[in-house]
Amino acid sequence: MTTKLDIAKGWLPRYTGMPIDDFGDYVLLTNFAFYVQKFGEQFGCEVHGVGRPMQAATNSDGVSIVNFGIGSPNAAIIMDLLTARAPKGVLFLGKCGGLKHTTEIGHFILPIAAIRGEGTSDDYFPPEVPALPSFKLHKFVSERIVQRGLDYRTGVIYTTNRRVWEHDEDFKQRLHDVTAIGIDMETATIFIVGHKNEISRGGSCSSRTCPSRPMASKPKRVTHG
Amino acid sequence: MTTKLDIAKGWLPRYTGMPIDDFGDYVLLTNFAFYVQKFGEQFGCEVHGVGRPMQAATNSDGVSIVNFGIGSPNAAIIMDLLTARAPKGVLFLGKCGGLKHTTEIGHFILPIAAIRGEGTSDDYFPPEVPALPSFKLHKFVSERIVQRGLDYRTGVIYTTNRRVWEHDEDFKQRLHDVTAIGIDMETATIFIVGHKNEISRGGSCSSRTCPSRPMASKPKRVTHG
Amino acid sequence: MTTKLDIAKGWLPRYTGMPIDDFGDYVLLTNFAFYVQKFGEQFGCEVHGVGRPMQAATNSDGVSIVNFGIGSPNAAIIMDLLTARAPKGVLFLGKCGGLKHTTEIGHFILPIAAIRGEGTSDDYFPPEVPALPSFKLHKFVSERIVQRGLDYRTGVIYTTNRRVWEHDEDFKQRLHDVTAIGIDMETATIFIVGHKNEISRGGSCSSRTCPSRPMASKPKRVTHG
């Protein structure tokens, strides 16, 4: 019988064009082919998968980067396929729509949890299972950001399958009601599918858009880990 | 106030790299950049959006093609963004996993409806609203296939956000129980978001995989429209 | 062991008073004894089943008509019992409450699908299986209507077990939200039980009541098939 692992082993190289053994212990996930290309240039390593659904590269330190595309189903695919390699940690470098203050744009947001507004993760765990990063990975990333003299915001990301919603006042009210710090299309899925597949995972978003509706409460600004 | 149309008008060119006025009255949707490239070569027309999330091209007959990527959120995005152009018809050229007989591989499947297993469409209509192609477009496509001397299968497609499920016997039993002819990741979303946005839409899948579990009932073979 | 077919063979004549062999290849379904009687008068054929739960008649062209009564359970019964005869096509001539514009009253509505608000069909297929007419029968009926110089509306019928709901504003809002063109008590059941029993089926309703709440969007008027 075909197991999930069999499928993942067959498909990871097919989707990314990179052999399984080329993947490192640590994997960065991005939504942009451009980031994989920059990574390849910066570390002088080969970019695989051009013309395939996903692109990937690994540097000499054993850090891989994968562009898995946009949206929760693609996030679920890569988190399933990575079981073929069983990495020690997966960090999603995303972008999110900031939902609090306009001054927050460009800041790092480290999600401490994500709201499962995307449905995709329901195929992995019942809806009441919270979507969480692995604590140690989360802590590690937060410490590194502070060591670099940067600061970050922390809070809950709302993950949705909708992209065109800025006109929808009811939806924006909903985002406000659930006190989300930002909205994106992948974080909850990465956390839940990572949990299912026992992969350590974390997220780091940079806030990209102005909130059309500044929220009452200020997100927590953290200057020490 | 920003309307949905405002957003779509801003984002359609940003996502595809193609100006709104370059879109034709009829739009083909595909999951593969390669198909847009082939379309450009065949009709000698410019391919826009390389390096962007979507690629697009329009031939001299006013037919456009867009690669919107993979998965239901991306399907929802393009069906929302196309409101900026209000095309007369949108046809999804997809691939689906065949769920009936191995002999069906490579055949056209024209979905007469799709099961909304993807969640994404729930952001547009309550789950009991059936995901349907536009009758006239469906009829037109079926007639054209027959005129070309080809035949097709018709039935209901199951749309899911899962990609790695071939190992999951419960899920496969479910697909059997709901009598789906095939499984894909976009058709239900395209039908429902098209309905919401009042865009005529249809689907045509080619069957790509062997069913691991042949189904009792044979899909309907149609040799005249 | 008694099979479903055994039961159907025993009960179809008992319910309708008409021998199985008297049923034609094509069956019209109605909710009114009066229609069977008119059919008998028009074609000079015997009306069976007077005093029984259902009445039936067959004309010399091999077209039968059955009054199966009202409601989804009766619709399920007749669609099960007809397996005794395995007709080539079954067309439901129903009435529905028009949910769009008052001007639509008396027009033909050809349901392209039905919402399964009746529960009865859940005994046959899981709720996510869409309730659909057979494409070819639907197409045939639409072409015949147009050939007669009539036109029709097409859309989705909401099938319910409720008869007294006109006072219920929440329910009416729900009907609006799901964009139903009309409401009836049998169509979804006929479609789903027909699907289960592999009987080609279609529906044609005439719109009977004023909507208490005219809807924003006009149903599609179709003047060519």
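Residues numbered from 1 in each chain as written. Chains lettered and ligands numbered in written order. Predicted model: local features only at pLDDT ≥ 70, side-chain atom pairs only at ≥ 80, totals over all residues. Heavy atoms only, no water.

*Asks:* For the overall build of chain A, give the residues involved together with the corresponding values.
*Replies:* The helix and strand tally for chain A stands at six helices and nine strands. The buried share of chain A, taken over its 225 residues, is 56%. Pairs at least 24 residues apart make up 79% of the contacts formed inside chain A by residues separated by at least 6 positions. A total accessible area of about 9900 Å² is found for chain A, and carbon and sulfur atoms account for 54% of it. (Helix = DSSP H or I, 4+ residues; strand = E, 2+ residues; numbered from the N terminus. Buried < 20%, exposed > 50% of the residue type's maximum accessible area, 1.4 Å probe, protein only. Contact = heavy atoms within 4.5 Å. Areas by Shrake-Rupley, 256 points an atom, 1.4 Å probe, with all protein chains shown as cover.)

*Asks:* Just give me the short version of the pattern of salt bridges, but keep the residues and values in it.
*Replies:* Taken as a whole, this structure holds 27 salt bridges over all chains when the rule is applied. The partner of B:Arg153 in a salt bridge is B:Asp151, with the nearest N and O atoms 3.2 Å apart. The residues B:Arg153 and B:Asp151 share a single accessibility class, namely buried. Residues C:Lys172 and C:Glu169 are paired through a salt bridge, measuring 3.2 Å at the closest nitrogen-oxygen approach. (Salt bridge = Lys/Arg side-chain N within 4 Å of Asp/Glu carboxyl O.)

*Asks:* Outline the interface of chain B and chain A, listing residues and values.
*Replies:* Contacts between chain B and chain A engage 28 residues on the former and 28 residues on the latter. In this structure, the connection of chain B to chain A is made through zero salt bridges. Summed over the shared surface of chain B and chain A, the result is six residue pairs in polar contact (both at pLDDT 80 or more). Within the residue set of the side of chain B that touches chain A, elements represented by two or more residues are helix H1 (4–16) and helix H3 (72–81) of chain B. The class makeup of the residues in the side of chain B that touches chain A is 11 nonpolar, nine polar and eight charged. (Polar contact = N/O pair within 3.5 Å; in protein donor to acceptor, adjacent residues only side chain to side chain. Nonpolar A, V, L, I, M, F, W, Y, C, P; charged D, E, K, R; others polar.)

*Asks:* Tell me about the domain arrangement of chain A, residues and numbers included.
*Replies:* All names here are of chain A. Looking at the assigned domains, one finds that chain A contains domain 1 (1–87) and domain 2 (92–225). At the interface, 20 residues of domain 1 touch 17 residues of domain 2. Buried area between domain 1 and domain 2, summed over both chains or domains, comes out near 1400 Å², and the portion from carbon and sulfur atoms is 65%. Looking at the side of domain 1 facing domain 2, the largest losses of area belong to Leu29, Ser72 and Met79, adding up to 36% of the total buried there. Counting every contact that joins domain 1 to domain 2 gives zero salt bridges. At the boundary of domain 1 and domain 2, one finds 11 residue pairs in polar contact (both at pLDDT 80 or more). At six residues, the largest contribution of residues to the side of domain 1 that touches domain 2 is made by helix H3 (residues 72–81). Counted by class, the side of domain 1 that touches domain 2 contains 12 nonpolar, six polar and two charged residues. (Domains from an automatic or database assignment. Buried area = accessible area lost by both parts, 1.4 Å probe.)

*Asks:* A description of the relation of the copies chain C and chain B should follow, citing residues and the corresponding values.
*Replies:* Overlaying chain C with chain B gives an RMSD of 0.1 Å, the required rotation being 180° about an axis along which the chain moves by 0.1 Å. The superposition operator between the copies reduces to a two-fold rotation axis. Relative to the rotation axis, the closest C-alpha in chain C is found at C:Pro130, a distance of 3.1 Å. The share of interface residues of chain C whose copies in chain B are also at the interface is 100%, consistent with both copies meeting through the same surface. (Least-squares fit on C-alpha atoms with pLDDT ≥ 70 in both.)

*Asks:* Run through the relation of the copies chain B and chain A, naming residues and quoting values.
*Replies:* Superposition of chain B onto chain A requires a rotation of 180° combined with a translation of 0.0 Å along the rotation axis, giving an RMSD of 0.0 Å. Taken as a fraction of all interface residues of chain B, those also at the interface in chain A reach 100%, which identifies the copy contact as same-surface.

*Asks:* Describe the interface of chain C and chain B, listing the residues and the values that go with them.
*Replies:* At the junction of the two partners, chain C supplies 26 residues and chain B supplies 26 residues. Seen at the junction of chain C and chain B, the total is two salt bridges. Our count for the chain C to chain B interface comes out at four residue pairs in polar contact (both at pLDDT 80 or more). The dominant element in the side of chain C that touches chain B, judged by the number of residues it contributes, is helix H4 (residues 135–147) of chain C, at six residues. The residue makeup of the side of chain C that touches chain B, split by class, is 12 nonpolar, seven polar and seven charged.

*Asks:* Can you break down the environment of B:Arg116 residue by residue, with the values?
*Replies:* Residue and element names in this part refer to chain B. With respect to the element layout, Arg116 can be found in strand S5 (residues 108–117). Taking C-alpha positions, Arg116 is 33 Å from Gly40, a pair spaced 76 residues apart along the chain. Excluding residues that lie within four positions of it along the chain, Arg116 makes contacts with Ser121, Asp122, Phe125, Pro126, Pro127, Glu128, Val129, Ala131, Thr159, Ala188 and Ile192. Only 2.7 Å separates the side chain of Arg116 from the backbone oxygen of Phe125, close enough to count as a polar contact.

*Asks:* So what's going on with the arrangement of the chains? Residues and values would help.
*Replies:* Most contacts, among the two pairs of chains that meet, fall between chains A and B. Across the gap from chain A to chain C, with no contact made, the nearest C-alpha atoms are 15 Å apart.

*Asks:* Describe the side chain of A:Ser121, listing the residues and the values that go with them.
*Replies:* Summarising the element assignment, A:Ser121 is placed in the loop between strand S5 (108–117) and helix H4 (135–147). In this view, A:Ser121 contacts A:Arg116, A:Thr189 and A:Ile192; residues no more than four positions away in its chain are not counted.

*Asks:* Please give an account of helix H2 (residues 33–43) of chain C that cites residues and values.
*Replies:* Each α-helix winds once per 3.6 residues, and so residues spaced three or four apart point in a common direction. All names here are of chain C. Where H2 is concerned, the buried positions are Val36, Phe39 and Gly40. The buried residues of H2 all sit within an arc of 100° when viewed along its axis, so they share a single face. The outward face of H2, more than 90 degrees from its buried face, is lined by the exposed residues Glu41 and Gln42. Considering only its buried residues, H2 is in contact with strand S1 (26–30), strand S2 (55–58) and strand S3 (63–67). Phi turns positive, to about 60°, at Gly44, one or two residues after H2. (Arc of directions from axis to C-beta.)

*Asks:* How would you summarise helix H6 (residues 187–196) of chain A if you had to cite specific residues and measurements?
*Replies:* Residue and element names in this part refer to chain A. Among the 10 residues of H6, eight are classified as buried, and the element is accordingly described as predominantly covered. Those residues of H6 not exposed but buried are Thr187, Ala188, Thr189, Ile190, Phe191, Ile192, Val193 and Gly194. Directly beyond the C-terminal end of H6, a positive phi value near 55° is found at Glu198.

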